[in-house]
Amino acid sequence: MASVTSELIAMDAARFQHTPYYCEENVYLLCKKLCENGVADATDSDLFVVFISNEKKQVPLWHQKASSRADGVVLWDYHVICVQRKKVSDSEPLVWDLDSTLPFPSPLASYVTETIQPSFQLFADYQRFFRIVHAPLFFKHFASDRRHMKEPDGSWTAQPPPYEPIVAQDGILHNLSEYISMSGADTLSSLDAETVRAAISQKLGVVVSHTQLQDLFTKLP
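Since the model is a prediction, treat every value here as computed from it, not as a measurement. (Residues numbered from 1 in each chain as written. Predicted model: local features only at pLDDT ≥ 70, side-chain atom pairs only at ≥ 80, totals over all residues. Heavy atoms only, no water.)

Enquirer: So what exactly am I meant to see when it comes to the overall build of the protein chain here?
Expert: Across its full length, the protein chain carries 7 helices and 8 strands. Computed over C-alpha atoms, the radius of gyration of the protein chain comes to 17 Å, within 12% of the 17 Å expected from 2.2 N^0.38 for 221 residues, which places it in the range of a compact globule. Buried positions account for 50% of the 221 residues belonging to the protein chain. By sequence separation, contacts in the protein chain at least 24 residues apart represent 68% of the contacts at least 6 residues apart. Just so you have it, the protein chain exposes about 10,700 Å², and 52% of that area is on carbon and sulfur atoms. Seen as two clouds, the 19 positive and the 27 negative side-chain charges of the protein chain have centres 2 Å apart. (Helix = DSSP H or I, 4+ residues; strand = E, 2+ residues; numbered from the N terminus. Rg over C-alpha atoms; globule rule 2.2 N^0.38 Å. Buried < 20%, exposed > 50% of the residue type's maximum accessible area, 1.4 Å probe, protein only. Contact = heavy atoms within 4.5 Å. Areas by Shrake-Rupley, 256 points an atom, 1.4 Å probe, with all protein chains shown as cover. Lys, Arg positive; Asp, Glu negative; His and termini not counted. Charge placed at Lys NZ, Arg CZ, Asp CG, Glu CD.)

Dropping the structure here:
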């Protein structure tokens, strides 16, 4: 545990590309850089991209940099983070969230407690669901032409990143809506190892509830 703690203290989120309100692209580049600099396994990737949303597109998350509140809560339409599950050790999965005020990275258990706050009673419209996608599949299939960040008159709701939009390997220009579309009906009914293994090999990964999130990372192959 001591070695993990020192690593958490040493990491600096400012080393990574970050454009406010473009979390899906930030995480795409974050995962790429973690592989390039040897923090993550580039050959047999131990990184997973996690989309957080629901049917109403209103998910409360705490300890967010964009918040003006003391508790750091923000009601996002969706959010995207990276979870690293190292295969060669028994260390706890780590969460890489460029928009969080928590340590970077944070152990998954503490991130869930502090950011998801599962003990906080929420109305059904605010329940959080999590789409977990293996990073290599995300790199291959994800695309965004940023249309969701434009007003009807063509102006930007938030200034876009300085680089070109991400295009999928098959030439698809935009499929972000497929990743952020999720509801309780989409969640896995079982977390047995075979079901998880089959689901995580799919383009859009697997959807789980906040009560299943930590268990899922113990079942990954």
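Enquirer: Would you mind showing me how to read the nonpolar core here?
Expert: Nonpolar side chains tend to gather and get buried jointly when the protein is soluble and globular. In this structure, F51 and F138 are the most contacted members of the largest nonpolar core, which totals 34 residues. When contributions to this core are tallied by element, the ones reaching two or more residues are α2 (23–36), β1 (47–53), β4 (79–84), β5 (94–96), β7 (129–134), α4 (135–141) and α5 (176–180). Sort the elements by how many residues they give to this core and α2 lands first, with 7 residues. Setting aside residues no more than four positions away along its own chain, F138 makes contact with E24, Y28, V49, F51, V133 and Y179. Counting 28 residues, the second-largest nonpolar core is a separate cluster that includes V95, L108, F130 and A199. (Core = buried A, V, L, I, M, F, W, Y, C linked by side-chain atoms within 4.5 Å.)

Enquirer: What am I meant to see in the state of the cysteines here?
Expert: Each disulfide consists of a covalent bond between the sulfur atoms of two cysteine residues. Evaluated as defined, the whole model comprises 0 disulfides. Left without a disulfide partner, C31 is nearest to the cysteine sulfur of C82, which lies 3.7 Å away. Of the residues examined, C31 reaches a relative accessible area of 0% and is grouped as buried. No disulfide involves C35; its nearest neighbouring cysteine sulfur is the one of C31, lying 6.9 Å away. Overall, the relative accessible area of 16% leaves C35 in the buried class. (Disulfide = S-S within 2.5 Å.)

Enquirer: Is there a simple way to think about empty space enclosed by the protein in this case?
Expert: Where empty space is left can be seen by rolling a probe of water-molecule size over the atoms. By the definition in use, this model includes 1 cavity of 30 Å³ or more. Each pocket or cavity is described by its volume, and for the largest cavity that value is around 30 Å³. If you trace the largest cavity, you find it lined by V95, D97, S100, L102, P103, F104, P105, S106 and Y111. (1 Å grid on protein atoms, 1.4 Å probe; cavity = no way out; pocket = protein on both sides within 12 Å on 5 of 7 lines; lining within 4 Å. Points joined across faces, edges and corners; volume = space filled by probe spheres on them.)

Enquirer: Even after reading the chapter, I still don't get the confidence of the model for the protein chain, so can you show me in this structure?
Expert: Residues shown with low pLDDT carry predicted positions that ought not to be read at fine detail. Per-residue confidence for the protein chain averages 92 on the pLDDT scale, and 95% of its residues sit at or above 70. Within the protein chain, the element-level pLDDT minimum falls on helix α1 (residues 2–10), averaging 42, and the maximum on α5, averaging 98. Within the model, the stretch residues 1–9 combines pLDDT values under 50 with 8 contacts to residues more than four positions away or in other chains. (pLDDT = per-residue confidence, 0-100.)

Enquirer: Would you mind showing me how to read helix α6 (residues 193–200) here?
Expert: Since the α-helix turns once every 3.6 residues, residues separated by three or four places project in the same direction. Buried within α6 we find V196, A199 and I200. The buried residues of α6 occupy an angular sector of 90° when the element is viewed end-on, so they sit on one face. Elements that come into contact with the buried residues of α6 comprise β1, β7, α4, β8 (206–209) and α7 (213–219). (Arc of directions from axis to C-beta.)

Enquirer: Would you take a moment to explain the sheet that holds strand β6 (residues 106–107) for this structure?
Expert: Within a beta sheet, neighbouring strands are joined by backbone hydrogen bonds and run either parallel or antiparallel to one another. Strand order across the open sheet formed by 6 strands is β6-β5-β4-β1-β7-β8, with antiparallel pairing between neighbours. Across the chains shown, the open sheet's two edge strands, defined by having one partner strand only, are β6 and β8. Relative to β8, β7 runs antiparallel, the two being bridged by 4 bridges. Directly across from F129, in β8, lies its bridge partner S209. (Pairing = 2+ DSSP bridges.)

Enquirer: Honestly, the layout of surface pockets in this entry has me stumped. Any pointers?
Expert: Put simply, the largest pocket is a space of about 210 Å³. Lining the largest pocket, in full, are Y21, C23, W76, D77, Y78, H79, D99, H148, M149, T157 and A158. In terms of residue class, the lining of the largest pocket is built from 6 nonpolar, 3 polar and 2 charged. (Nonpolar A, V, L, I, M, F, W, Y, C, P; charged D, E, K, R; others polar.)

Enquirer: Which parts of the structure should I look at to understand the pairing of β4?
Expert: Looking along a regular strand, one sees side chains alternate from face to face of the sheet. Burial analysis of β4 places 6 of its 6 residues in the buried class, the great majority of the element. Here β4 shows no split at all, with H79, I81 and V83 on one side and V80, C82 and Q84 on the other all buried. Here 6 bridges tie β1 to β4, and the two strands are oriented antiparallel to one another. By the bridge assignment, L47 is partnered in β4 with Q84. With 3 bridges connecting them, β4 and β5 associate as antiparallel partners.

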